[in-house]
Amino acid sequence: MSTISISTIPFSSTSLSSSPPSSDDEKSQTSQTSLSSHLSISPPTTPRPSSPSNPYSKILIYGHRGSLYDECENTLPSYLACSTHGSDGVELDVFRLKCGTLVCYHGTGTDEEPGRMGESHGVNGGISWYTWDEVDRMEVKESWDEGVCGVGKLKGAKVPRLRDALELCKRVGMGVKVELKEDGIEEDVVEMIESLSMSSVCSISSFKHSRLLKCKSLSPSIKTGALFSSPLPPDFVSQAEKVKADEVHLRYDTCTTDKVREAKNAGFGVMAWFRGPLSMLCDSEGWDDAGNEDEDMYRIVMGTGVDTVCVNRP
């Protein structure tokens with residue numbers, strides 16, 4: 001993993017809750033606590049990643065929506081930046097447009113209405129309302145709060161097609177975690193991955209686990225990851241087993257050593273995913289032994305025994 005550079009981004013915090021946030025819409029706590037203690041591990045005293053005795057060398061590093069501090073999230077330049085950093089892969093989010101084109105985009109909104117474009121592009125509705133010709137003409141707002149890469153990189157940023165993103169990752173040798181953001185796209189996504197001969201380097205994930213079961217029914221060999229937020233349900237392992245998932249993807253602050261061990265004992269790969277950049281900035285105010293996705297934070301989470309980390313600073 002390359003040396004982590006710490007970016008400063010503008011942020012104004014309001015009143016904060018007394019416990020770690022359970023969703024990206026919540027703020028973090030004002031009173032500080034130890035992330036190491038929270039995850040039930042000893043404070044990190046292990047060598048930094050540059051050490052020849054690096055204990056993290058087998059942990060895979062995936063860029064969350066690419067490398068979003070370098071380039072606009074979920075764009076081809078953001079994915080390419082992950083390769084430049086030496087990342088093992090990227091995580092990206094997928095919607096289907098009104099015309100049928102699969103694209104990579106996150107946006108805001110609820111589970112019922114995800115992919116809202118107001119904050120990022122200043123247009124009404126969700127991305128699925130539009131055709132590819134319409135989306136391809138849209139420009140990211142330079143005032144977008146989540147655009148932590150800076151105005152210069154937001155200008156001209158384009159929503160990419162999934163096929164273009166997969167072909168790029170295949171060309172540079174990176175794996176891909178494909179998060180399904182809506183129902184009904186499972187067959188098209190599986191078909192595309194298989195048509196590009198990328199089944200061995202791609203996995204499909206979703207918070208809605210029924211989508212994973214559908215993917216498995218379409219292609220039993222396709223890898224899937226059951227996504228969980230916070231609080232982590234006590235039966236998360238059995239939930240993942242019911243949909244025949246290969247991996248469990250746990251929010252970083254729920255990756256206690258006990259939970260990671262439980263998942264691994266059941267035969268699952270474990271990925272720790274980090275929240276969006278503004279939510280992570282809020283979270284970092286509550287940890288007394290880690291900063292905003294700095295090396296200390298990464299060493300603590302990687303020390304829980306996870307196989308993969310999905311980070312904003314790959």
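Residues numbered from 1 in each chain as written. Predicted model: local features only at pLDDT ≥ 70, side-chain atom pairs only at ≥ 80, totals over all residues. Heavy atoms only, no water.

**Student:** Summarise the overall build of the protein; cite the residues concerned and give the values.
**Tutor:** A count of helical and extended segments in the protein gives twelve helices and nine strands. Each of the 314 residues in the protein was classed as buried or not, and the buried ones make up 53%. Within the protein, contacts between residues separated by at least 24 positions form 62% of all contacts whose residues are at least 6 apart in sequence. A total accessible area of about 13,500 Å² is found for the protein, and carbon and sulfur atoms account for 48% of it. (Helix = DSSP H or I, 4+ residues; strand = E, 2+ residues; numbered from the N terminus. Buried < 20%, exposed > 50% of the residue type's maximum accessible area, 1.4 Å probe, protein only. Contact = heavy atoms within 4.5 Å. Areas by Shrake-Rupley, 256 points an atom, 1.4 Å probe, with all protein chains shown as cover.)

**Student:** How would you explain the nonpolar core if you had to name every residue and give the values?
**Tutor:** Judged by nonpolar contacts, the single largest core of 63 residues is most densely connected at Leu92 and Val189. With sequence-adjacent residues up to four places away left out, Leu92 is seen in contact with Asn74, Tyr79, Cys104, Leu162, Ala165, Val176, Lys177, Val178 and Glu179. Counting residues in hydrophobic clusters, the runner-up holds eleven residues, among them Tyr105, Met117, Ile127 and Val135. (Core = buried A, V, L, I, M, F, W, Y, C linked by side-chain atoms within 4.5 Å.)

**Student:** Hey, could you go over the environment of Ser219 for me, with residue numbers and the actual values?
**Tutor:** By the secondary structure assignment, Ser219 is in the loop between helix H8 (210-218) and strand S6 (223-228). Note: C-alpha distance between Ser219 and Glu187 (32 residues apart in sequence) is 9.2 Å.

**Student:** So, the packing of helix H6 (residues 162-172) against helix H7 (residues 186-195): which residues are in play, and what are the values?
**Tutor:** Running from N to C, H6 and H7 cross one another at 35°; their axes reach a closest spacing of 11 Å. The interaxial crossing formed by H6 with H7 has right-handed handedness. On H7, the residues touching Leu162, Arg163 and Leu166 of H6 are Val189, Met192, Ile193 and Ser195. The class makeup of the residues in the contact of H6 with H7 is five nonpolar, one polar and one charged. (Axes fitted to C-alpha atoms, helices over the stretch in contact; angles between N-to-C directions. Left-handed = near helix turned anticlockwise from the far one by under 90°. Nonpolar A, V, L, I, M, F, W, Y, C, P; charged D, E, K, R; others polar.)

**Student:** Break down the pattern of salt bridges for me, citing the residues and quoting the values.
**Tutor:** If you walk through the whole model with that rule in mind, you get 20 salt bridges. Close ionic contact of Arg211 with Asp183 constitutes a salt bridge, the shortest N to O distance being 2.7 Å. Here Arg211 is found in helix H8, whereas its partner Asp183 is found in the loop between strand S4 (175-180) and H7, with 28 residues between them in sequence. Classification of Arg211 by relative accessible area gives buried; the value is 9%. Judged by its relative accessible area of 41%, Asp183 falls in the partly exposed class. Because the salt bridges share partners, they merge into one network encompassing Asp183, Lys208 and Arg211. (Salt bridge = Lys/Arg side-chain N within 4 Å of Asp/Glu carboxyl O.)

**Student:** Please give an account of the environment of Ala263 that cites residues and values.
**Tutor:** Note on placement: Ala263 falls in helix H10 (residues 257-265). Residue Ala263 is classed as buried on the basis of its relative accessible area of 0%. The residues touching Ala263, leaving out its near neighbours within four places in the chain, are Phe236, Val237, Val248, Phe268 and Val270.

**Student:** Quick rundown of the environment of Val159? Include the residues and the values.
**Tutor:** Mapped onto the elements of the fold, Val159 is located in the loop between helix H5 (151-154) and H6. For Val159, a relative accessible area of 9% gives the class buried. Val159 sits 20 residues away from Glu139 along the chain, and the two C-alpha atoms are 8.9 Å apart.

**Student:** Can you tell me about the confidence of the model for the protein, naming the residues and giving the values?
**Tutor:** Looking at the protein as a whole, its pLDDT mean stands at 89, while 87% of the residues score no less than 70. Counted against residues more than four places away or in other chains, residues 1-23, with its pLDDT under 50, gives 60 contacts. In the predicted structure, residues 25-30 sits below a pLDDT of 50 and forms 28 contacts with residues beyond four places in sequence or in another chain. (pLDDT = per-residue confidence, 0-100.)

**Student:** Explain H6 to me, and be specific about the residues and the numbers.
**Tutor:** Every buried residue belonging to H6 is among Leu162, Ala165, Leu166, Leu168 and Cys169, and all of these are buried. Along the long axis of H6, the arc covered by the buried residues comes to 160°, so they all point the same way. Structurally, H6 contributes buried residues whose contacts are with helix H2 (76-85), strand S2 (89-96), strand S3 (102-104), S4, H7 and strand S5 (202-206). (Arc of directions from axis to C-beta.)

**Student:** Would you mind going over the pairing of strand S1 (residues 60-64) in detail, with residue names and values included?
**Tutor:** Counting buried positions along S1 gives four out of five residues, so the element sits mostly inside the fold. The pairing of S1 with strand S9 (residues 308-311) spans four bridges and is classified as parallel. Bridging across to S9, Gly63 finds its partner in Val311. The pairing of S1 with S2 spans three bridges and is classified as parallel. Each residue of the ladder has a partner; that of His64, found in S2, is Glu91. The parallel pair S1 and S2, bridged by H2, forms a crossover whose chirality is right-handed. (Pairing = 2+ DSSP bridges. Right-handed = clockwise from strand over helix to strand, strands pointing away.)

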